[in-house]
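Letter by letter, the chains look like this.
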Amino acid sequence: MRILITGVTGFVGSHLATYLSDKGHLIYGLIRKPIQDKSLLSKLNKVSLCLFHEDSLVDLVSEIKPDIVIHLASLYLTVHSYEQIDDLIKSNITFPTKLLEAMSVNNVTKLINTGTSWQHFNSASYEPVNLYAATKQAFDDVIKYYTSAKYFSCITLKLFDTYGPDDKRGKLISLLDKLSKTKEGLSMSAGEQIVELTHIDDVCAAYLAAIELIDEKDADSNDCYGVSSNEKYNLRTLVEIYEKANNVNLDIKWGGRPYREREVMDLCNNLPNIPKWEAKISLSEGLKISNRV
């Protein structure tokens, strides 16, 4: 298939583009500016990278003629400031809406969208943890228009935390890797919040399952699934699993900092996993540093 991916320079997007290319798909990646990172360029060497600005999206989609568009690009902010609101709206609502319109003009009607489990605080049908999650929900509402009025078919995959090789996002596992090398101490919360991590290889396999499933969907379908490893631990236990997997002792000062505002203490449990997919990589195996180098 000819597949157009947004967010191809990000952690999930770069892994997914490579994964799908290796599966024989023809992958196109939207980029706003030339990639300077040589290692990332090498990783994406089988991907057709397409420079764009939003005024060129209609022509670009016409030229590529993708069978499916996978939308991964977003601006992720755990906590936002007043000055960041415009960027959140532009990145998470305005740009993907223009992409949908460019698809519609060119009769490209299959979309795989990416959401977040943080749209479901306390397992509500909808309650955003933060403004980022609210913008993801707002785009879901835009998708509803295109599936209803323009006969799109859409599958939204809502992700929990992800991890794996070449992760430069500064998230939890990268931080633990750093501490294991520097032996520095770190103040953390009391550590009772529940955490779930899904390995990037399993995440990529979930998108492949979505590609296969969307071909079976009728026009005007709009379905949502989770991508859950079903391995949930509190943060303290997860750190213990990390230490055991890598034979290290980390200097964590538990309770040294307060929980964040609207800390997610228990993950949502109302997202059924996408059919014909399950996580294959256990947390204890995936957390080994040797497997992520």
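Refer to the structure above for everything that follows.
What comes next is a walk through the structure. (Residues numbered from 1 in each chain as written. Predicted model: local features only at pLDDT ≥ 70, side-chain atom pairs only at ≥ 80, totals over all residues. Heavy atoms only, no water.)

1. Points about the pattern of salt bridges
- A full pass over the atoms with the stated rule returns 16 salt bridges.
- In this structure, the salt-bridge partner of Asp-223 is Lys-217, at a minimum N-O distance of 2.8 Å.
- The class for Asp-223 is partly exposed, based on a relative accessible area of 24%.
- Since its relative accessible area comes to 22%, Lys-217 is described here as partly exposed.
- The network of salt bridges with shared partners includes Arg-32, Glu-54 and Lys-98. (Salt bridge = Lys/Arg side-chain N within 4 Å of Asp/Glu carboxyl O. Buried < 20%, exposed > 50% of the residue type's maximum accessible area, 1.4 Å probe, protein only.)

2. Observations concerning the sheet that holds strand E2 (residues 26-31)
- Read from one edge of the open sheet, 7 strands run E3-E2-E1-E4-E5-E6-E10, paired in parallel fashion. Because the sheet does not close on itself, it has two edges, and the strands there are strand E3 (48-51) and strand E10 (222-227). The mean angle between the axes of side-by-side strands here comes to 20 degrees, regardless of whether they run parallel or antiparallel.
- Relative to strand E5 (residues 110-116), strand E4 (residues 68-71) is paired through 3 bridges, and the arrangement is parallel. Bridging across to E5, Ile-70 finds its partner in Ile-112.
- Lying over the sheet, helix H1 (residues 11-22) contacts strand E1 (2-5), E2 and E4, oriented at roughly 175 degrees with respect to E1. (Pairing = 2+ DSSP bridges. Helix = DSSP H or I, 4+ residues; strand = E, 2+ residues; numbered from the N terminus. Axes fitted to C-alpha atoms, helices over the stretch in contact; angles between N-to-C directions. Contact = heavy atoms within 4.5 Å.)

3. Description of the sheet that holds strand E9 (residues 194-199)
- Judged by pairing direction, the sheet is mixed, and its 3 strands sit side by side in the order E7-E9-E11 without closing on themselves. The strands lining the two open edges of the sheet, one partner per strand, are strand E7 (161-163) and strand E11 (232-234). Shown here is a sheet whose adjacent strand axes are inclined to one another by a mean of 45 degrees, direction ignored.
- Relative to E11, E9 runs antiparallel, the two being bridged by 3 bridges. Each residue of the ladder has a partner; that of Glu-196, found in E11, is Lys-232.

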